[in-house]
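In case you want the letters, here they are:
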Amino acid sequence: MNFKAWKYSRLIALILVTNLPILAEEDKTVIFKNDAKYSGTDDTYVKKGSSFSGGMSNFGACEIMLVNETTKIGLIRFDVSSLFKKYKKITSITLRIFSKNAPKDGSIKVHRLSIANSGWREGGSYGSPQIGKNRHEVTWMHLVDYGGFPLPPPSWASRTAGPTSPGVDFDKVVLGSNKNSTSQIKGPFDINFKGDLTALIDDWSLASPIFKLKDKGENPCWTADWNWSQPAAETANEGLLLKGSDGTIHEFYTSETKDLSLRPQLIIKYKPREK
């Protein structure tokens, strides 16, 4: 091959290469759910009532979470620190919870909790009053139970009982919602998040529980002084608040349910960072 022919063939090859279709980068999917390999889900609910009728009770060990608009508020948090620096963009987030009773009225909304309420603790009780136990478990009356008498002032960000104040206890903007009419008994109830999802995981992936460190109630410690500072120090992963649109009570399985297939999931799709 002479020089002119060689040069021409190189030019043709270059044109072909530069005009090849650019393959779209595939999203990766990760699912966070309590099982044998992952234990980073905290979930519970708080119940409105007097001290001895639910207001000072912790439900952290219950297999069911009850949610309605004003008297039963769900709380859930996932440790997503394993995603730190692995993504360049979060493309979708879905909270998948499983219905126990599948009501048909109303809806469920998910809000981001206020950072001031990020010190809530799941707890390990089955609805028993926490007065005097000093285990620092979340109740309607308190972000964490201090224990003892006289009762201290409420420690929710709003300084009122229950995380019920939009813009103070939780963001006014709804992260996602779904109608109860779509639910089926033991079926997935998906709530797709909207908004700046990358910024959300940017915050949450900064925080993780301290390895093998537990507080008085056997809750994971999200900061070094979690067990001693009351209320607990703020963390970058404040978690989510679930509330209904009316008085309808929707019952969901929690991360304590024995059937692993019914435990809550946080499904995140993302574009990985370039190597």
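Residue positions are counted from 1 within each chain, in the order its sequence is given. pLDDT decides what is reported in this predicted model: residues at 70 or higher carry local features, side-chain atom pairs at 80 or more are listed and counted, and totals for whole chains, interfaces and linings draw on all residues regardless. The basis for every side-chain value is the complete set of heavy atoms in the structure, and neither hydrogens nor water enter the calculation.

> Teacher, can you tell me more about the sheet that holds strand β13 (residues 265–272) here?
Think of a sheet as strands paired side by side through backbone hydrogen bonds, with each pair either parallel or antiparallel. DSSP-based pairing: two strands are paired if at least 2 bridges between them are found. Put simply, DSSP marks the helices as runs of H or I at least four residues long and the strands as runs of E at least two long, and each gets a number from the N terminus on. Read across the sheet, four strands follow the order β1-β13-β6-β10 without closing on themselves; strand pairing throughout is antiparallel. Each of the sheet's edge strands pairs with one partner strand only, and the pair in question is β1 (28–32) and β10 (188–192). On average, each strand axis in the sheet is inclined to that of its neighbour by 25 degrees, with strand direction left out of account. Pairing of strand β6 (residues 87–98) with β13 involves eight bridges; the strand directions are antiparallel. Residue pairing across strands places Y87 opposite P272, the latter belonging to β13. Should any heavy atoms of two residues lie within 4.5 Å, those residues are counted as being in contact. Orientation is described by axes fitted as lines to C-alpha atoms, over the contacting stretch for helices, and by angles from 0 to 180 degrees between their N-to-C directions. Helix-sheet contacts for helix α3 (residues 197–204) involve β6 and β13, and the interaxial angle to β6 is about 85 degrees.

> I'm lost on the side chain of S205 in this one. Help?
Assignment of secondary structure puts S205 in the loop between α3 and β11 (240–244). Note on exposure labels: buried denotes an accessible area under 20% of the residue type's maximum, exposed denotes more than 50%, and partly exposed covers the range between, all computed with a 1.4 Å probe on protein chains only. With relative accessibility at 4%, the residue S205 sits in the buried group. Here the side chain of S205 touches D202 through a polar contact of 3.5 Å, landing on its backbone oxygen. Setting aside its immediate chain neighbours within four residues, S205 contacts V80, S81, F84 and Y87. As used in this structure description, the phrase polar contact means that two N or O atoms lie within 3.5 Å; if the pair is within protein, one of them must be able to donate a hydrogen and the other to accept it, and residues adjacent in sequence are counted only when both atoms belong to side chains.

> It is not clear to me how α3 should be interpreted in this structure. Could you clarify?
Because each turn of an α-helix spans 3.6 residues, side chains separated by three or four positions in sequence point in the same direction. Regarding α3, the residues found buried are L197, T198, L200, I201 and W204. For α3, the angular spread of the buried residues around the axis is 160 degrees, confining them to a single face. Turning to α3, the residues buried within the fold contact β6, β7 (107–113), β9 (170–179), β11 and β13. This arc is built from the directions going out from the helix axis to the C-beta atoms.

> Can you help me understand the sheet that holds strand β2 (residues 41–47) in this one?
As summarised here, the arrangement of the five strands in space is β2-β5-β11-β7-β9, forming an open sheet in which the pairing is antiparallel. Because the sheet does not close on itself, it has two edges, and the strands there are β2 and β9. Between one strand axis and the next, the sheet turns through 25 degrees on average, direction left out of account. As defined by bridge partners, β2 adjoins strand β5 (residues 72–78) across seven bridges and the pair is classed as antiparallel. Counted as the bridge partner of D42 is R77 from β5.

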